[in-house]
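Results of the structural survey
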Amino acid sequence: MKRTQVAVIGAGPAGLMLSHLLAARGIDTVILERRSRDYVESRIRAGVLEHHSAAALRAAGVGARMDRQGMEHTSIDLAFSGAHHRIELARLTGKKIMVYGQHEVVKDLIAQRLADAGEILFEADVSGIEGLDSDRPIIRYTHDGRNQTLTCDFVAGCDGYHGVSRASVPAGQIVTHARSYPYAWLGVLAEAAPTSDELVYARHDNGFALYSMRSPEVTRLYLQCRPDEDPDAWSDRALWDELHRRLETGDGWTINEGPILQKNIAPMRSFVAEPMRYRRLLLAGDAAHIVPPTGAKGMNLALADVQVLAPALARWFDSADETGLDAYSDTCLKRIWKVQRFSVWMTRMLHAQPDADGFEQRLQQAELDSVAASDSAARHLAENYVGLPLEVPE
Ligand code: FAS
Ligand code: PHB
């Protein structure tokens, strides 16, 4: 039977970064990823790296292409009541964000792992995990058309919200907290040069819209839509018309149109699993928590989790000291709930709430007016947006 120290399920930002951080500490891992390398490297998802995430990628030696091709932003815009309201992140916090697609981060981490002779098995689908109560868990997976097993000391469940790892924990050992939303995001990737230096979060009576970008040639846009929306029911013309409508602010700014490369629905949910550990299984990233994408936090939380998990695992392998692993879940959850709160606040403030009465609508308008009119309210948004301090125990 194949064996490793830490079996990592999932080659997303959490799994790849964890494997890279553990390798730097001399700890052996095998990453099992159900999809192909092409698939994970072309899956368009998050677009914003917090200050800490960009710094962590640099410190881990995988930030060079990000610094060459990424776009550092010092502000974001809120668009509402016919005007743009700039939130000056750098002036308010001394920190910036990096606009650099998640798929680019995944490419950089895969390239580095393979250059370092790290083991990533693509199209390896994990079907079950046994022996989590023992000191030798066994992972069952299919690869190359054969049923295979991998024994390990620890399992890192980095397999996302729908993964197998959280489902492998015996009933009653993990408590989950969840919220659903009466809307989703219709994501559009367009070959159109961005016309704004900043991201634009627009509150419109028809619904929320977000203007983002991936490069000087590619724009990334989102429209609030119904959760059951069919992206193919939207013609390109209808999409552009609605994007113009919701992003229009009367100050002459307009968006470029171009060939639409991708259209997809991103579901909206809040979810937290507690604790993030069951014996020899540690959960990280979307396997443990989901936040609404309005705060641009999903990928950043995944990277933050594994910056806490890597030293905790290293301490166990170095001296069988379990204190880091015992503290892992509480350390992460404290920050996760603050990020969940911020993401829910941004979502409620910017989305048209289908069941909102006149009172709720006026509260929402007052929230936006307060953020735009007060440096301290804007600073609160900015501090959360650039990234809350990260306690990384050594
Ligand atoms: P990931 O989901 O990235 O990776 C999990 C990996 O595990 C996947 O590659 C999967 O194939 C693999 N896996 C699952 N089950 C397996 C099994 N049984 N065997 C082997 N492998 C298995 N966040 C933002 O901040 N901004 C956004 O705009 C945004 N948009 C999103 C749009 C969509 C459609 C989705 C689904 C998410 C979006 N997110 C966004 C959140 C996203 O960026 C996640 O937070 C981020 O991918 C989390 O990284 P991981 O935890 O590594 O999980
Ligand atoms: C993106 O560029 O995909 C993006 C940016 C900010 C968000 C969500 C998504 O809040």
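All values derive from a computational prediction rather than experimental measurement.

Thresholds, definitions, all that
- Residues numbered from 1 in each chain as written.
- Chains lettered and ligands numbered in written order.
- Predicted model: local features only at pLDDT ≥ 70, side-chain atom pairs only at ≥ 80, totals over all residues.
- Heavy atoms only, no water.
- Near = heavy atom within 4 Å.
- Polar contact = N/O pair within 3.5 Å; in protein donor to acceptor, adjacent residues only side chain to side chain.
- Areas by Shrake-Rupley, 256 points an atom, 1.4 Å probe, with all protein chains shown as cover.
- Helix = DSSP H or I, 4+ residues; strand = E, 2+ residues; numbered from the N terminus.
- Core = buried A, V, L, I, M, F, W, Y, C linked by side-chain atoms within 4.5 Å.
- Buried < 20%, exposed > 50% of the residue type's maximum accessible area, 1.4 Å probe, protein only.
- Contact = heavy atoms within 4.5 Å.
- Pairing = 2+ DSSP bridges.
- Axes fitted to C-alpha atoms, helices over the stretch in contact; angles between N-to-C directions.
- Phe/Tyr/Trp six-rings, centres within 6.5 Å; stacked < 30°, edge-to-face > 60°.
- Lys NZ or Arg CZ within 6 Å of the ring centre and 35° of its normal.
- Domains from an automatic or database assignment.
- Buried area = accessible area lost by both parts, 1.4 Å probe.
- Salt bridge = Lys/Arg side-chain N within 4 Å of Asp/Glu carboxyl O.

**Overview of the site of ligand 2**
By nearness alone, 15 residues border ligand 2, and Tyr-201, Ser-212, Arg-214, Tyr-222 and Pro-293 come closest of all. Within the contact set of ligand 2, an oxygen atom lies 2.7 Å away from a side-chain nitrogen or oxygen of Tyr-201. In this structure, an oxygen atom belonging to ligand 2 sits 2.8 Å away from a main-chain N or O atom of Pro-293. Bound to the protein, ligand 2 loses 97% of the 280 Å² it would expose on its own. Put simply, the parts of the chain that give the shell around ligand 2 at least two residues each are β16 (199-202), β17 (209-213) and β18 (219-225).

**Some words on unusual backbone geometry**
Here the residue pair Glu-274 and Pro-275 is connected by a cis peptide bond, since its omega of -10 degrees sits within 30 degrees of zero. Tracing the backbone through its elements, the reader meets Pro-275 in the loop between β20 (269-274) and β21 (277-278). A positive phi angle, close to 50 degrees, is found at Glu-123, a residue other than glycine. By secondary structure assignment, the location of Glu-123 is in the loop between β9 (119-121) and β10 (125-130). Here the phi dihedral of Ala-296 falls at roughly 60 degrees; this positive angle occurs in a residue that is not glycine. Tracing the backbone shows Ala-296 in the loop between β23 (289-290) and α8 (298-319).

**Regarding the nonpolar core**
Membership of the largest hydrophobic core comes to 79 residues, with the highest contact counts inside it found for Met-17, Leu-18, Leu-32, Leu-49, Ile-139 and Leu-313. The element contributing the most residues to this core is α8, with 12 residues. When residues no more than four places from it in sequence are discounted, the contact partners of Met-17 are Ala-56, Leu-57, Ala-60, Leu-109, Leu-303 and Val-306. Met-71, Ala-184, Leu-247 and Leu-368 belong to the second-largest nonpolar core, a separate cluster that totals 55 residues.

**Notes on the sheet that holds strand β22 (residues 281-283)**
Taken together, six strands build an open sheet; the order of strands is β9-β3-β2-β13-β22-β21 and the sheet is mixed. Strand pairing shows two members of the sheet lacking a second neighbour, β9 and β21, which therefore form its edges. Both strand β2 (residues 6-9) and strand β3 (residues 29-32) contribute to a ladder of four bridges, which runs parallel. Across the sheet, the residue bridging to Ile-9 is Leu-32, located in β3. Here α8 sits on the sheet and contacts β2, β13 (154-157) and β22; the angle it forms with β13, its principal contact strand, is near 175 degrees.

**Some remarks on the packing of aromatic side chains**
According to the stated counting rule, one finds 11 aromatic pairs in the structure shown. Consider the rings of Phe-154 and Trp-316, whose centres lie 4.8 Å apart with planes at 85 degrees: the pair is edge-to-face. With Phe-154 in strand β13 and Trp-316 in helix α8, this residue pair connects regions lying 162 residues apart in the sequence. With centroids separated by 6.1 Å and ring planes inclined at 35 degrees, the aromatic side chains of Tyr-181 and Tyr-183 adopt a geometry described as tilted. Here the two residues Tyr-181 and Tyr-183 agree in accessibility, since each one is buried. Taken together, the ring pairs connect Trp-185, Tyr-201, Phe-208, Tyr-222 and Tyr-385 into an aromatic cluster. A cation over a ring is seen here: Arg-280 above Phe-154, with NZ or CZ 4.7 Å from the ring centre. One residue, Lys-297, lies across the ring of Tyr-385, its end atom 5.6 Å from the ring centre.

**Thoughts on the sheet that holds β23**
Read across the sheet, three strands follow the order β14-β20-β23 without closing on themselves; strand pairing throughout is antiparallel. At either margin of the open sheet sits one strand with a lone partner, and together these are β14 (175-180) and β23. Here β14 pairs with β20 via six bridges, running antiparallel. Note on β20: the bridge partner recorded for Ser-180 is Arg-269.

**Details of the environment of Phe-342**
With respect to the secondary-structure elements, Phe-342 resides in helix α9 (residues 323-350). Take Phe-342: its relative accessible area is 0%, and that puts it in the buried class. A sequence separation of 196 residues divides Phe-342 from Arg-146, and the C-alpha atoms of the two residues are 45 Å apart. Dropping the residues within four chain positions of it, Phe-342 is found in contact with Gly-295, Lys-297, Leu-381, Asn-384 and Tyr-385.

**Remarks on the site of ligand 1**
For ligand 1, the set of nearby residues contains 32 residues, the closest of which are Glu-33, Arg-43, Arg-45, Gln-102 and Asp-286. Measuring from an oxygen atom of ligand 1, one finds a backbone N or O atom of Gly-298 at 3.1 Å. When isolated, ligand 1 has an accessible area of 990 Å², and the protein chains bury 89% of it. Here the shell around ligand 1 gets three residues from one element, more than from any other, and that element is α8.

**Structural notes on the domain arrangement of the protein**
As far as domains go, the protein holds domain 1 (2-73 + 97-180 + 269-354) and domain 2 (184-266). Between domain 1 and domain 2 the total buried area reaches about 1,500 Å² when both faces are included, carbon and sulfur atoms providing 62% of it. Linking domain 1 with domain 2 are zero salt bridges. Between domain 1 and domain 2 we count six residue pairs in polar contact (both at pLDDT 80 or more) in total.

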